[in-house]
2 protein chains.
Amino acid sequence: MITLVDSSLRDGMHSVGHSFTPEQVAAVAAGLDRAGVDALEVSHGDGVGGSSIQYGRAAFSDDALIEAAAGAVSRARIAALLLPGIGTLRRLRRAQALGASIARVATHCTEADIAEQHIAWAAEHEMQAIGFLMMSHMIGPAELAAQARLMESYGATVVYIVDSAGALVPRTAAERVSALREALRPETAVGFHAHNNLGCGVGNALAAADAGASWLDGSLRGLGAGAGNAQLEVLAAALERSGLETAVELFPLMDVAEEVVAPLMARPQIIDRTALSIGYAGVYSSFLLHAERAAAKFGVEPRAVLMELGRRRIVGGQEDMIIDAAAELAER
Amino acid sequence: MITLVDSSLRDGMHSVGHSFTPEQVAAVAAGLDRAGVDALEVSHGDGVGGSSIQYGRAAFSDDALIEAAAGAVSRARIAALLLPGIGTLRRLRRAQALGASIARVATHCTEADIAEQHIAWAAEHEMQAIGFLMMSHMIGPAELAAQARLMESYGATVVYIVDSAGALVPRTAAERVSALREALRPETAVGFHAHNNLGCGVGNALAAADAGASWLDGSLRGLGAGAGNAQLEVLAAALERSGLETAVELFPLMDVAEEVVAPLMARPQIIDRTALSIGYAGVYSSFLLHAERAAAKFGVEPRAVLMELGRRRIVGGQEDMIIDAAAELAER
């Protein structure tokens, strides 16, 4: 049985400039709940506490959004994402008080140790603690598995391989899942969070499931950073056709995607040249809008900026370096 | 080495109502040629001779389009698709005279025998003969392999598994490729033509390559029937990241997708409710616009029409039955 987690109301925030209202959040959450989705993640795109000039101001507070989601669901669980270094423990405590029962604690794939405090706190305070290893394409399977074991040792019951750059393909995704599956205790689940920049959002999620991942993320209409996430309603259908079970009902899920989410989208989640360049360069998906703005400001190609960021191995949290890269390219 | 075939100017015709002009065809063909794509397919969406009330009238003749493409390329080969029953041998002869050197002869997956005359003619007249088994999800791997052997026996040097409904997933695509790979002579290549209705366009093409397919179709920006094809420029990047070689140069390919094809598109190739329903129901992708029109005319849901067509196992060439199904649903 695959556990499906929707990220439309968190990762999707990146593609609407963190502008969802509590009413919109409640409508999407109610639809996901009706369709039987196991859990949904709600917050600023960069997690609770992400609203800032650096990461983009949100139109509403995480508190208001989490409260709206919690009030709209009857079965689905609410997850809050936290990036240590951006948000603090205080935010997680607050999210719990407002109805979140899952803490997803995200770090760069080589920095699991900064999640110790937050994962341990969640585990001790009746939140399900989940570890999130971002930009997982940047290190090999064995190194990634070692980081996953750290998160497990802090109390994570699920550890996610997060393909933040959408740079993995089914083969490299499956290798990483297999390594984690082998390294972690049997009772610790492996999760996979895909981006579609190389067109492999759904394909990677299926390959991950075949390799032993049992928690999969997606978002309605693919709403998310870069070319978006694995498109949830499509993934649900593809899982069924692959002989893998989920708790969702497909038609209600398709309906909330089409009738509630599609009208809220600022642009369709296509794979244009910039989004493809993100996957090819191996750059953090949420850099998409930042890179487009910096490229326009300095009169350079977004693709050139993204390739440069890939060469510099810039990771999430280093958004200010996008301007530097664009400015330097303009001077060449 | 993977041979890449672009179908933007044939399958893509479905999503622009068969309206491409010779000038547009020449511009796309020149771009594909510059980027090193091995071959490109040009004609009405339903192959040479497809222009009709039943399948949709084309704005320009296949002759004019093939001639325009042939005049615009220096390295890339031109392929003409022919569906026996829709086009006749005369059309293939004419396509060859105008510059096509590849004949792709397509039948429903259980009807390979109607391709004998056309494949044999092409093989005897210095065209590369390729067999195209459409709606390949409808029969199992062994039965499909038997049909592929028929096409091989007529003279086909490549036999394609065509996922016309976009209903395959990596597992079921790979099973079919493996069966053909085992059944055919080593010198006969296996091809795969994907549709993205279940989000697996690129993922299925990669799985097919891993299972032994060496000819892969795609189209720029995914332009094609249903949710479109495997997005060619994305597939090229994903193949590279999977360690599989092609002859294309990625950046020029991305550029022709973005600068030449994107402005010609009537709508983005997203997976909306109707496109997803096509993959889930297992219905011919080019039914998309027909089913939307029929549903609107009779005041029923497109999804309901598509599920009904799937139940009736309606296949390509039976477009008139879409109206019947919609009318009967309206009476229920």
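Residues numbered from 1 in each chain as written. Chains lettered and ligands numbered in written order. Predicted model: local features only at pLDDT ≥ 70, side-chain atom pairs only at ≥ 80, totals over all residues. Heavy atoms only, no water.

Looking at an unreviewed UniProt entry, chain A carries the name 4-hydroxy-2-oxovalerate aldolase, with the source organism given as Conexibacter stalactiti. According to the UniProt record, the Sequence similarities (unreviewed entry) comment for chain A is "Belongs to the 4-hydroxy-2-oxovalerate aldolase family." (UniProt positions renumbered as here; feature names shortened; annotations may be inferred.)

*Asks:* Help me understand the interface of chain A and chain B, please; the structure alone is not making it clear to me.
*Replies:* How big an interface is tends to be expressed through the accessible area that disappears when the partners come together. On the chain B side, the residues contacting the 37 residues of chain A number 37 residues. Buried area between chain A and chain B, summed over both chains or domains, comes out near 3,500 Å², and the portion from carbon and sulfur atoms is 59%. It is Arg-241, Arg-273 and Tyr-280 of chain A in chain A that bury the most area against chain B; as a group they hold 20% of the surface buried on that side. Taken together, chain A and chain B are joined by eight salt bridges. In this structure, Arg-273 of chain B engages Asp-255 of chain A in a salt bridge whose closest nitrogen and oxygen atoms are separated by 2.7 Å. The interface formed by chain A and chain B holds 20 residue pairs in polar contact (both at pLDDT 80 or more) in total. Elements that contribute at least two residues to the side of chain A that touches chain B include exactly helix 6 (170-183), helix 7 (201-210), helix 8 (232-241), helix 9 (250-261), helix 10 (273-281) and helix 12 (302-312) of chain A. Tallied by class, the residues present in the side of chain A that touches chain B amount to 19 nonpolar, six polar and 12 charged. (Contact = heavy atoms within 4.5 Å. Buried area = accessible area lost by both parts, 1.4 Å probe. Salt bridge = Lys/Arg side-chain N within 4 Å of Asp/Glu carboxyl O. Polar contact = N/O pair within 3.5 Å; in protein donor to acceptor, adjacent residues only side chain to side chain. Helix = DSSP H or I, 4+ residues; strand = E, 2+ residues; numbered from the N terminus. Nonpolar A, V, L, I, M, F, W, Y, C, P; charged D, E, K, R; others polar.)

*Asks:* Sorry, what's going on with unusual backbone geometry here?
*Replies:* Across the chain, the bulk of peptide bonds are trans and the bulk of non-glycine residues have phi less than zero. We note that Arg-313 of chain A has phi near 55°; this positive angle belongs to a residue other than glycine. Even without being a glycine, Arg-221 of chain B presents a positive backbone phi close to 60°. Relative to the helices and strands, Arg-221 of chain B is located in the loop between strand 8 (215-218) and helix 8 (232-241).

*Asks:* Would you explain the UniProt feature "binding site: Mn(2+)" (unreviewed entry) in chain A in this entry?
*Replies:* All names here are of chain A. Here, the residues flagged by UniProt with the feature "binding site: Mn(2+)" (unreviewed entry) are Asp-11, His-193 and His-195. Taking the farthest pair of C-alpha atoms as the criterion, the annotated set spanning 185 residues converges on one region, since that pair is 10.4 Å apart. Its place among the elements puts Asp-11 in the loop between strand 1 (3-6) and helix 1 (22-34). Discounting chain neighbours no more than four positions away, the residues touching Asp-11 are His-193, His-195, Leu-223, Gly-224, Ala-225 and Asn-229. Structurally, the position occupied by His-193 is in strand 7 (residues 189-193). Its relative accessible area of 1% is what places His-193 among the buried residues. The residues touching His-193, leaving out its near neighbours within four places in the chain, are Ser-7, Arg-10, Asp-11, Phe-132, Tyr-160, Ile-161, Val-162, Asp-163, Asp-217 and Asn-229. (Buried < 20%, exposed > 50% of the residue type's maximum accessible area, 1.4 Å probe, protein only.)

*Asks:* Honestly, the relation of the copies chain A and chain B in this entry has me stumped. Any pointers?
*Replies:* Of the two same-sequence chains, chain A is brought onto chain B (RMSD 0.0 Å, axial shift 0.0 Å) by a rotation of 180°. On this basis, the relationship between the two copies can be described by a two-fold rotation axis. In terms of proximity to the rotation axis, the leading residue of chain A is Gly-203 of chain A, whose C-alpha is 2.3 Å off the axis. Most of the interface of chain A is mirrored in chain B: 100% of its interface residues are interface residues there too. (Least-squares fit on C-alpha atoms with pLDDT ≥ 70 in both.)

*Asks:* Would you mind showing me how to read the packing of aromatic side chains here?
*Replies:* In this description, an aromatic ring pair is defined by two values, namely the gap between the centres and the angle between the planes. All told, the structure shown has six aromatic pairs over all chains when counted by the stated rule. Aromatic pair Phe-132 of chain B and Tyr-160 of chain B: ring centres 5.0 Å apart, planes at 45°, arrangement tilted. Note that Phe-132 of chain B is positioned in strand 5 (residues 128-134) and Tyr-160 of chain B in strand 6 (residues 158-162), a separation of 28 residues in sequence. Classification of Phe-132 of chain B by relative accessible area gives buried; the value is 1%. With relative accessibility at 0%, the residue Tyr-160 of chain B sits in the buried group. Summarising the aromatic geometry, the rings of Tyr-284 of chain B and Phe-287 of chain B are spaced 5.4 Å apart at their centres and angled 65° between planes, so their arrangement reads as edge-to-face. In terms of burial, Tyr-284 of chain B and Phe-287 of chain B fall into one category: buried. Positioned above the aromatic ring of Tyr-280 of chain B is the side chain of Arg-241 of chain A, whose terminal nitrogen or guanidinium carbon lies 4.3 Å from the ring centre. Just above the ring of Tyr-160 of chain B sits the side chain of Arg-104 of chain B; from NZ or CZ to the centre is 4.9 Å. (Phe/Tyr/Trp six-rings, centres within 6.5 Å; stacked < 30°, edge-to-face > 60°. Lys NZ or Arg CZ within 6 Å of the ring centre and 35° of its normal.)

*Asks:* Honestly, the side chain of Ser-286 of chain B in this entry has me stumped. Any pointers?
*Replies:* Residues and elements named next belong to chain B. Structurally, Ser-286 can be placed in the loop between helix 10 (273-281) and helix 11 (287-298). Accessibility expressed as a relative area gives 9% for Ser-286, which makes it buried. For Ser-286, the contacting residues outside a window of four places in its chain are His-14, Asp-46, Ala-225 and Glu-319.

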